[in-house]
Amino acid sequence: MIDPFETHEPDIHPDAIVHDMAFVSGRVSIAKQANVWPMAVIRGDINVITIGARSNIQDGCVLHVTHDSRFSRPGGEALTIGEDVTIGHNVTLHGCTLHNRCLIGMGAIVLDGAVVETDVMVGAGSLVPPYKTLESGYLYVGSPVKQIRALSQQELEFLVYSAGHYARLAKRTAKPKT
Ligand SMILES: CC(C)(COP(=O)(O)OP(=O)(O)OC[C@H]1O[C@@H](n2cnc3c(N)ncnc32)[C@H](O)[C@@H]1OP(=O)(O)O)[C@@H](O)C(=O)NCCC(=O)NCCS
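A quick note: this is a predicted structure, and the numbers were derived from the prediction, not measured. (Residues numbered from 1 in each chain as written. Predicted model: local features only at pLDDT ≥ 70, side-chain atom pairs only at ≥ 80, totals over all residues. Heavy atoms only, no water.)

Undergrad: Sorry if this is basic, but what is going on with the overall build of the protein chain here?
TA: Counting its regular elements, the protein chain contains one helix and 20 strands. At 15 Å, the protein chain has a C-alpha radius of gyration in line with the 16 Å of a compact globule built from 178 residues. Counting only C-alpha atoms, the protein chain reaches 45 × 45 × 20 Å along its principal axes. Burial analysis of the protein chain (178 residues in total) assigns 45% to the buried set. Accessible surface computed for the protein chain: about 8,800 Å², of which carbon and sulfur atoms make up 56%. Computed over 15 positive and 18 negative side-chain charges, the separation of the two mean positions in the protein chain equals 4 Å. (Helix = DSSP H or I, 4+ residues; strand = E, 2+ residues; numbered from the N terminus. Rg over C-alpha atoms; globule rule 2.2 N^0.38 Å. Buried < 20%, exposed > 50% of the residue type's maximum accessible area, 1.4 Å probe, protein only. Areas by Shrake-Rupley, 256 points an atom, 1.4 Å probe, with all protein chains shown as cover. Lys, Arg positive; Asp, Glu negative; His and termini not counted. Charge placed at Lys NZ, Arg CZ, Asp CG, Glu CD.)

Undergrad: Where do I start with the site of the ligand in this structure?
TA: If you check the shell around the ligand, you find Q58, G88, L103, G105, M106, M121, G123, A124, L139, V141, I148 and R149 and nothing else. Within the backbone of A124, a nitrogen or oxygen atom sits 2.8 Å from a nitrogen atom of the ligand. In this structure, an oxygen atom belonging to the ligand sits 2.7 Å away from a side-chain N or O atom of R149. Protein chains shield 46% of the accessible area of the ligand, which is 910 Å² for the free molecule. (Near = heavy atom within 4 Å. Polar contact = N/O pair within 3.5 Å; in protein donor to acceptor, adjacent residues only side chain to side chain.)

Undergrad: Looking at this model, I keep getting lost on the side chain of T86. Mind explaining?
TA: Secondary-structure assignment places T86 in strand β10 (residues 86-87). At 2.8 Å, the side chain of T86 and the side chain of S162 are in polar contact. Once residues within four sequence positions are removed from consideration, T86 is found in contact with N56, Q58, C102, L103, I104, S162 and A163. (Contact = heavy atoms within 4.5 Å.)

Undergrad: Even after reading the chapter, I still don't get the sheet that holds strand β20 (residues 146-150), so can you show me in this structure?
TA: The strands making up a sheet associate through backbone hydrogen bonding, with each pair oriented either parallel or antiparallel. Taken in spatial order, the eight strands make up an open sheet running β3-β5-β7-β10-β13-β16-β19-β20, and their pairing is mixed. Either end of the sheet is taken by a strand with one partner, and the two such strands are β3 (17-18) and β20. Both strand β13 (residues 103-104) and strand β16 (residues 121-122) contribute to a ladder of two bridges, which runs parallel. The residue of β16 that forms the bridge with L103 is M121. (Pairing = 2+ DSSP bridges.)

Undergrad: I keep staring at the nonpolar core and nothing clicks. Help me out?
TA: Side chains of nonpolar character tend, in soluble globular proteins, to be buried together. Judged by nonpolar contacts, the single largest core of 36 residues is most densely connected at I57, L63, L93 and L98. Those elements that provide at least two residues to this core are β4 (23-30), β6 (41-51) and β9 (79-81). Leave out the neighbours within four places in its chain, and I57 touches N35, V36, W37, A40, I42, I51, L63, I81 and I87. In terms of nonpolar packing, the next biggest core, distinct from the first, is built from five residues, M121, L139, L151 and L159 among them. (Core = buried A, V, L, I, M, F, W, Y, C linked by side-chain atoms within 4.5 Å.)

Undergrad: Sorry, what's going on with the packing of aromatic side chains here?
TA: What describes a pair of aromatic rings is the distance from one ring centre to the other and the angle between the planes of the rings. This structure, assessed with the given rule, holds two aromatic pairs. The interplanar angle of 85 degrees and the centroid separation of 5.4 Å between the aromatic rings of W37 and Y166 together place this pair among those described as edge-to-face. Placement of W37 in the loop between β5 (35-36) and β6 and of Y166 in helix α1 (residues 153-173) is noted, with a sequence separation of 129 residues between them. With respect to class, W37 is no different from Y166; both count as buried. Ring centres of F158 and Y161 lie 6.1 Å apart, and the angle between their planes is 35 degrees; this geometry places the pair in the tilted category. Of the two residues, F158 and Y161 both sit in helix α1, three residues apart, roughly one turn of that helix. By relative accessible area, which is 38% here, F158 ends up partly exposed. (Phe/Tyr/Trp six-rings, centres within 6.5 Å; stacked < 30°, edge-to-face > 60°.)

Undergrad: Looking at this structure, how should I read the pairing of β6?
TA: In summary, the side chains of a regular strand alternate between the two faces of the sheet. Summarising the sheet, β4 and β6 pair through seven bridges and their orientation is parallel. From the neighbouring strand, S29 faces β6, where its bridge partner is T50. Both β6 and strand β8 (residues 62-64) contribute to a ladder of two bridges, which runs parallel. Following the sheet pairing, I42 is matched in β8 by L63. Looking at chain direction, β6 and β9 are connected through three bridges and run parallel.

Remember that the coordinates give geometry; whether it matters functionally is a separate question.
The structure is reproduced here in structure tokens:
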């Protein structure tokens, strides 16, 4: 379901694929070939959510933001996802920034103000604390996450492959537009 919030309509590129059973609302923009899977909730009511080209938001993910108040940093916390990003099943992303080509493992939680730089892998079930920055090129796992090791060349290549794979899979599962 794609829903306005007050006067804000989601802005979804015609080549993006959002499953009918996902919920997308408000100030959300989704770029070309990005894909959103069943039961994902993307709620851009009180701040902006941006999803870059070819990124995937897998089944059961929850994406939300923080509004500007005396309890937040000025402007609150928007949620920004770069290009070729894989967000595994059941991930929670809240008011954070993910740069290009990262992979957030299944069930992980990324909290407000956290920054995941390009080419980072976050292990399944991990927790990224508020305002923590994960350095480009590394694997992080645990709750809270710790830097484990540099990603191998094969893993770096997999990050791009994973996004491409999901973009192709979404096309195969999408119903023809009427
Ligand atoms: C993180 C991951 C890539 C690790 O792969 P790996 O090559 O087996 O990792 P390593 O062998 O280098 O493991 C390093 C250490 O981290 C531990 N570890 C691995 N994954 C972990 C996780 N998710 N949480 C906590 N610890 C983890 C390993 O047990 C190992 O610990 P040890 O040194 O004490 O034995 C993998 O476990 C994972 O979580 N993948 C995510 C997959 C996913 O969710 N994809 C998206 C959906 S399609």
